[in-house]
Amino acid sequence: MAQSTQLHVVTGKGGTGKTTVAAALAMSLAGQGKKVLLCEVEGRQGIAQLFDVPPLPYEERKIAVGLGGGEVYALAIDPEAALLEYLAMYYRLGRAGKALDKFGIIDFATTIAPGVRDVLLTGKVYEAARRRTGGRFTYDAVIMDAPPTGRITRFLNVNSEVAGLAKVGPIRRQADSIMEMMRAPETRVHLVTVLEEMPVQETIDGIAELTSERLPVGHVILNLVRPSVLSGVSQKALAAGSVRPAEVASVLAAIGLERDVTVAEALIAEGEAHLERQRLQDAQREILDDCGRPLVELPLLSDGIDLGALFELAEQLGDLR
Amino acid sequence: MTGKAQTSPSTRKGRTSPRGGTGSGTGTSSGGRLDVDALLDDPATRIVVCCGSGGVGKTTTAAALALRAAEKGRSVCVLTIDPARRLAQSMGLTELDNTPRPVTGAALDGGSLDAMMLDMKRTFDEVVEQHATPEKAAQILTNPFYVALSSSFAGTQEYMAMEKLGQLHATGRWDLIVVDTPPSRSALDFLDAPDRLSSMLDGRFIKLLLAPAKGPARLISAGFGIVTSALNKILGAQVLTDMQTFIAAFDTLFGGFRQRAEGTYALLQARGTAFVVVAAPEPAAMREASYFVERLAGEQMPLAGLVVNRVHETGAGGISAVDAESAAQRLVDGSADDDRTAGELLMIHAERMRVAAREERLKRRFGAAHPGVPTVSVAALAGDVHDLDGLRRIGDLLAGDGV
Ligand SMILES: Nc1ncnc2c1ncn2[C@@H]1O[C@H](COP(=O)(O)OP(=O)(O)OP(=O)(O)O)[C@@H](O)[C@H]1O
Ligand SMILES: [Mg+2]
């Protein structure tokens, strides 16, 4: 029997849409009637901003309901609070916990001590993913808005980090159990990317790194994809340079847009730029076609991301299983 | 990309000085155009720092400015952080030895261009080696706490970028150094990181940890006893020993580190330094740029101006989005290829007009809030910038020379 509930870890290069995708996935699962926990670990309050609610405390709060009757809870995991909670839970370190704080040691442990911060952050996720209420998992799925691709393997692989540090003791044992969950069949690490050279390269490197650490890679999500406006005929004509400004100008004139040739030239230049961007996008998509992981595409929504947009993205995203 | 998600700056967690207070909007007044050529031509300009939030094109801007200055005859070094692979290759940044190398292919007219890519761990190691005895350095370099601090501590990259800048400047080999800054979550991190790091290493806890090794036992308070036994319980006894070794070994370096950080800070405030804030025409990046401009003013650091990178312009502004769209609707249903193509071009144009209007609004708002800041917009190229020609084009756009 599974030890933990479904865990989705969402990573990607900075700014490619990790938070947005993690939230859309939460909405998608809630749309199927599931109870979902959406966690963030970088102290950014990205979830609160996205859902337009006040900053999240270190406490699970309901922030949305799915169309299918499911619920989305959110949690901003803070390493200092997690450490104090951990100490209180396992050691009943009420007073000493405070003392630790006073000496600045909490700060030290969560900032410099190698790996401790990550053990605490992933440890809280671990706890939530295993928690049970009335004989079943409290959440049907836990989704983590994770650190970027460049740091993800290190972040999830807490074991190797603390190995150099704690060879025995509870932190080490905790790290071992976390690793077990990260590699469990219920877990998936998804990578979000945009179709540009650097993020795509990072995605491919990331897949290789995760795989070599036996961390289970799920989907690659292509975000901010620009829809192609040009038909095959127009593409060919633009590529061949056979769209004549004079012809375009006369079409414009015929429908009442009296325009001169320089305007037509500008329109053609805009079309060429669009085509070139589309080509670059296609080239990057082709590279990812060979990455061995399933791809999901999300369009660039030009009016930005609000709740309605999240529903729209959720629908396209599916459940990533 | 506008959206609700970005309209609540109050939720932002900030540990740093004056933000908010974005002025009351003084109409359309602005600081005029950022004159990049005047900045680069001025021999008094010795350091240009390109800063801004992640993903806005800092590296490209830094490289383009450096190349332009070198081709104007100056002797330039550019310090980049994480350049895209192909751009790195085109600048000869294939040897990762943490020292500047000449860039070949620049059209030099008495000038020179060297480039390097920051290796943060190596930079940190070098500082340690330089300041500690060989035995002590060896002890520090293998300590797990040091390894973590030098390779993954948030802020180390920022710290080391500034350290490297200080080193390059001290050699006196170049008359202009252009620096890129790390892709921080917040553009301000690189100003704060050195201080955070040194106050961390200088904190009470560290002093206490050191006390048993150094001073009389009575310094160990009862409270600290609880602390250490708790730590031993959680982490295992070895950890505390490692920590003490690390801190004792590092202690001798603290003074040096502090001093260096202060020196670099002073360098950033110096006369020959100019900050160029880079932003993308998107709400989050422009907001970050606003914070940065305010912060630089607060720190008395000299701001040259703002670069708004990747803006969408149009040469067919006479056709409005609405007109383009309705005309397009009629045309794309037609059967003639010419009509369809023209219709599709109009659809592309309509979208571009909307984007351009949104970007224009963001720029106007920034200008109203920061009327004294010279600004320049750089058009979005359709492709990536991955060679010297691409950098030259960006340089031209930065200088307002058109395409
Ligand atoms: N499909 C989309 N369509 C339109 N805008 C989008 C889409 N996905 C994300 N965005 C926008 O892109 C920006 C970055 O998205 P988001 O904050 O989710 O990225 P992130 O990867 O979490 O960034 P960070 O690395 O800073 O945490 C936001 O302004 C968001 O609203
Ligand atoms: Mg995010």
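Cut-off values and rules
- Residues numbered from 1 in each chain as written.
- Chains lettered and ligands numbered in written order.
- Predicted model: local features only at pLDDT ≥ 70, side-chain atom pairs only at ≥ 80, totals over all residues.
- Heavy atoms only, no water.
- Helix = DSSP H or I, 4+ residues; strand = E, 2+ residues; numbered from the N terminus.
- Buried < 20%, exposed > 50% of the residue type's maximum accessible area, 1.4 Å probe, protein only.
- Polar contact = N/O pair within 3.5 Å; in protein donor to acceptor, adjacent residues only side chain to side chain.
- Axes fitted to C-alpha atoms, helices over the stretch in contact; angles between N-to-C directions.
- Parallel < 35°, antiparallel > 145°, perpendicular 65-115°, else oblique.
- Contact = heavy atoms within 4.5 Å.
- Nonpolar A, V, L, I, M, F, W, Y, C, P; charged D, E, K, R; others polar.
- Phe/Tyr/Trp six-rings, centres within 6.5 Å; stacked < 30°, edge-to-face > 60°.
- Pairing = 2+ DSSP bridges.
- Right-handed = clockwise from strand over helix to strand, strands pointing away.
- pLDDT = per-residue confidence, 0-100.
- Salt bridge = Lys/Arg side-chain N within 4 Å of Asp/Glu carboxyl O.
- Core = buried A, V, L, I, M, F, W, Y, C linked by side-chain atoms within 4.5 Å.

1. Thoughts on the side chain of A:E42
Residues and elements named next belong to chain A.
Consideration 1: Relative to the elements of secondary structure, E42 occurs in the loop between β2 (35-40) and α2 (46-51).
Consideration 2: Judged by relative accessible area, E42 falls into the buried class, the value being 16%.
Consideration 3: Polar contacts involving the side chain of E42 include one to the side chain of R151, which spans 2.9 Å.

2. Observations concerning the packing of helix α12 (residues 245-254) of chain A against helix α14 (residues 337-369) of chain B
Packed helices, taken two at a time, are described by the angle their axes make and the gap between the axes.
Consideration 1: Packing of α12(A) against α14(B) leaves a shortest axis separation of 10 Å and a crossing angle of 85°. Here α12(A) lies roughly perpendicular to α14(B), going by the angle between them. Across the interface between the two elements, A:E247, A:V248, A:V251 and A:L252 of α12(A) pack against B:D338, B:D339, B:A342, B:L345 and B:L346 of α14(B).
Consideration 2: A breakdown of the residues in the contact of α12(A) with α14(B) according to their chemical character gives six nonpolar, no polar and three charged.

3. A word on the packing of aromatic side chains
Consideration 1: Per the counting criterion, the structure on display carries two aromatic pairs over all chains.
Consideration 2: With centroids separated by 5.9 Å and ring planes inclined at 65°, the aromatic side chains of A:Y73 and A:Y139 adopt a geometry described as edge-to-face. With A:Y73 in strand β4 (residues 71-76) and A:Y139 in the loop between β6 (136-137) and β7 (141-145), the pair connects residues that are 66 residues apart, well separated along the chain. A:Y139 carries the same exposure label as A:Y73, and that label is buried.
Consideration 3: When the centroid spacing of 5.3 Å and the interplanar angle of 80° are considered together, the rings of B:F124 and B:Y146 count as edge-to-face. Placement of the pair is B:F124 in helix α4 (residues 120-131) and B:Y146 in helix α6 (residues 144-152), with a sequence separation of 22 residues.

4. Here's the deal with the pairing of strand β8 (residues 187-193) of chain A
Residues and elements named next belong to chain A.
Consideration 1: For β8, the tally of buried residues reaches six of seven residues, placing the bulk of the element in the interior.
Consideration 2: As paired elements, strand β1 (residues 6-12) and β8 share six bridges and run parallel to each other. Paired with H8 across the strands is R188, a residue of β8.
Consideration 3: Relative to strand β9 (residues 217-225), β8 runs parallel, the two sharing four bridges. Its bridge partner lying in β9, V192 is registered against I221.
Consideration 4: Running through helix α10 (residues 197-212), the crossover from β8 to the neighbouring parallel element β9 is right-handed.

5. Quick look at the confidence of the model for chain B
Residues and elements named next belong to chain B.
Consideration 1: Per-residue confidence for chain B gives a mean pLDDT of 81, with 77% of residues at or over 70.
Consideration 2: The least confident element of chain B is helix α9 (residues 204-214), whose mean pLDDT is 59; the most confident is helix α1 (residues 36-41), at 97.
Consideration 3: This model gives residues 1-29 a pLDDT under 50, and the stretch forms 60 contacts once residues within four places in sequence are excluded.
Consideration 4: Long-range and interchain partners of residues 213-220, a stretch whose pLDDT sits below 50, account for four contacts in this model, where long-range means more than four residues apart.

6. Some thoughts on the environment of A:A184
Consideration 1: Along the chain, A:A184 falls in the loop between α9 (170-182) and β8.
Consideration 2: Along the chain, A:A184 and A:L215 lie 31 residues apart, while their C-alpha atoms are 8.6 Å from each other.

7. A short note on the pattern of salt bridges
Where charged atoms of side chains with opposite charge meet at close range, the side chains can pair.
Consideration 1: In the structure shown here, the tally under the stated rule is 28 salt bridges over all chains.
Consideration 2: Of the charged contacts, one joins A:D205 and B:R85 as a salt bridge, the two residues approaching to 3.1 Å between their closest N and O atoms. Of the two residues, A:D205 sits in helix α10 while B:R85 sits in helix α3 (residues 85-90), which places them in two different chains.
Consideration 3: In this structure A:D205 comes out as partly exposed when scored by relative accessible area, which is 31%.
Consideration 4: With a relative accessible area of 47%, B:R85 lands in the partly exposed category.
Consideration 5: The salt bridge partner of B:R122 is B:E126, with a shortest N-O separation of 3.9 Å. Residue B:R122 and its partner B:E126 are both found in helix α4; the two are separated by four residues, about one turn of the helix.
Consideration 6: If you follow the salt bridges from partner to partner, you end up with A:E60, A:E85, A:K124, A:E127 and A:R131 in one network.

8. Looking at the environment of B:V307
Residue and element names in this part refer to chain B.
Consideration 1: Checked against the element boundaries, V307 lands in strand β7 (residues 303-311).
Consideration 2: Of the residues examined, V307 reaches a relative accessible area of 1% and is grouped as buried.
Consideration 3: Note: C-alpha distance between V307 and A137 (170 residues apart in sequence) is 42 Å.
Consideration 4: With near-sequence residues (within four places) excluded, V307 lies in contact with L34, V276, V277, V278, A279, V376, V378 and L398.

9. Considerations on the sheet that holds β7(B)
Residue and element names in this part refer to chain B.
Consideration 1: Here eight strands make up an open sheet; going across it, the order is β3-β4-β2-β5-β1-β6-β7-β8 and the pairing mixed. Here the strands that pair on one side only, and so sit at the sheet edges, are β3 (101-102) and β8 (375-379).
Consideration 2: Pairing between strand β1 (residues 47-51) and strand β5 (residues 176-180): four bridges, direction parallel. If you follow V48 over to β5, its bridge partner there is V178.
Consideration 3: In the packing of helix α12 (residues 283-298) onto the sheet, the strands contacted are β1, β6 (273-279) and β7, and the crossing angle to β6 comes to about 160°.
Consideration 4: Sitting on the sheet, helix α15 (residues 388-399) touches β7 and β8, and the angle it makes with β8 is about 145°.

10. Looking at the sheet that holds strand β10 (residues 295-299) of chain A
All names here are of chain A.
Consideration 1: Pairing in this open sheet of eight strands is mixed, and the strands run β3-β4-β2-β7-β1-β8-β9-β10 from one edge to the other. Sheet topology places β3 (61-65) and β10 at the edges, where each strand pairs with a single neighbour. Here the average twist between neighbouring strands, direction ignored, is 25°.
Consideration 2: Together, β8 and β9 form the strand contacts of α10, whose direction differs from that of β8 by roughly 165°.

11. Some details on the nonpolar core
Note that soluble globular proteins tend to have their nonpolar side chains buried in a common cluster.
Consideration 1: If you look at the biggest cluster of nonpolar residues, it comprises 98 residues, and the most contacted ones within it are B:M91, B:V178, B:F250, B:L306, B:L391 and B:L398.
Consideration 2: Ranked by residues supplied to this core, first place goes to helix α11 (residues 237-269) of chain B with 11 residues.
Consideration 3: Not counting residues up to four positions away in its chain, the partners in contact with B:L306 are B:L34, B:V277, B:A279, B:M286, B:A289, B:F366, B:V373, B:P374, B:T375 and B:V376.
Consideration 4: Core analysis: the next-biggest nonpolar cluster, separate from the first, contains 42 residues, A:L37, A:I178, A:L222 and A:V225 among them.

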